[in-house]
Amino acid sequence: AIGNLLRMRKTVTELDLHWNHLTGDSARELIRGLNENSQAGGVLERLDISWNPLGKVGGEDTCMQMAQLFRNTKTLIHVDISKCDLSMEHCQILA
């Protein structure tokens, strides 16, 4: 649902979704929406998705989508992904 909202709302500058149990398909859908928002001229600057178990289910795919977001966005200046159960391999994907 949030991913769909982000596709349509290009004026969102801050998004705080910490501690929402995002993982697997829901995490990937969110990141996909963020990628599409960025490609459509979105202005998101700050993203807090900390304390979500992003690395638990499908973490590699989620991290690949996040890495794409980091490469393609021009406005995102702060991302909090602390305490997201990311392994060293996940972090290498993000790097």
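Residues numbered from 1 in each chain as written. Predicted model: local features only at pLDDT ≥ 70, side-chain atom pairs only at ≥ 80, totals over all residues. Heavy atoms only, no water.

Points about the packing of aromatic side chains
Counting across every chain of the model gives one aromatic pair. Their ring planes at 40° and their centres at 4.8 Å tell us that tryptophan 19 and tryptophan 51 sit as a pair that is tilted. Separated by 32 residues along the polypeptide, tryptophan 19 in the loop between strand E1 (14-16) and helix H2 (24-39) and tryptophan 51 in the loop between strand E2 (46-48) and helix H3 (59-72) bring together distant segments of the chain. (Phe/Tyr/Trp six-rings, centres within 6.5 Å; stacked < 30°, edge-to-face > 60°. Helix = DSSP H or I, 4+ residues; strand = E, 2+ residues; numbered from the N terminus.)

Thoughts on the sheet that holds strand E3 (residues 78-80)
What the three strands build is an open sheet, ordered E1-E2-E3; its pairing is parallel. Strands with a single pairing partner mark the edges of an open sheet, and in this sheet they are E1 and E3. Along the sheet, successive strands turn relative to each other by an average axial angle of 5°, direction set aside. Bridge count between E2 and E3: three bridges; the pairing is parallel. (Pairing = 2+ DSSP bridges. Axes fitted to C-alpha atoms, helices over the stretch in contact; angles between N-to-C directions.)

Some words on the environment of methionine 64
Following the sequence through the fold, methionine 64 ends up in helix H3. Measuring from C-alpha to C-alpha, the distance between methionine 64 and arginine 28 comes to 9.6 Å, with 36 residues separating the pair along the chain.

Some thoughts on the nonpolar core
In terms of nonpolar packing, the biggest core is built from 18 residues, with Leu15, Leu30, Leu34, Leu47, Ile49, Leu54 and Met66 touching the most fellow members. Examining the composition of this core, we find that four residues originate from one element, H2, more than from any other. Non-local contacts of leucine 30, meaning those with residues more than four positions away in its chain, are made with Ile2, Gly3, Leu6, Leu15, Leu17, Leu22 and Ile49. (Core = buried A, V, L, I, M, F, W, Y, C linked by side-chain atoms within 4.5 Å. Buried < 20%, exposed > 50% of the residue type's maximum accessible area, 1.4 Å probe, protein only. Contact = heavy atoms within 4.5 Å.)

Side note on unusual backbone geometry
A positive phi angle, close to 60°, is found at tryptophan 19, a residue other than glycine. Although it is not a glycine, histidine 21 sits at a positive phi angle of roughly 60°. In this structure, histidine 21 sits in the loop between E1 and H2.

Quick word on the pattern of salt bridges
Per the stated rule, a full pass over the model turns up four salt bridges. The salt bridge partner of arginine 7 is glutamate 36, with a shortest N-O separation of 2.6 Å. In this pair, arginine 7 sits in helix H1 (residues 2-8) while glutamate 36 sits in helix H2, placing the two residues 29 residues apart along the sequence. Salt-bridge contacts for glutamate 29 lead to arginine 32; the nearest nitrogen and oxygen are separated by 2.6 Å. Here glutamate 29 pairs with arginine 32, and both are found in helix H2, just three residues apart, close to one helical turn. Because the salt bridges share partners, they merge into one network encompassing Arg7, Glu29, Arg32 and Glu36. (Salt bridge = Lys/Arg side-chain N within 4 Å of Asp/Glu carboxyl O.)

So, to be careful, I would describe these as geometric facts and stop short of saying anything about function.
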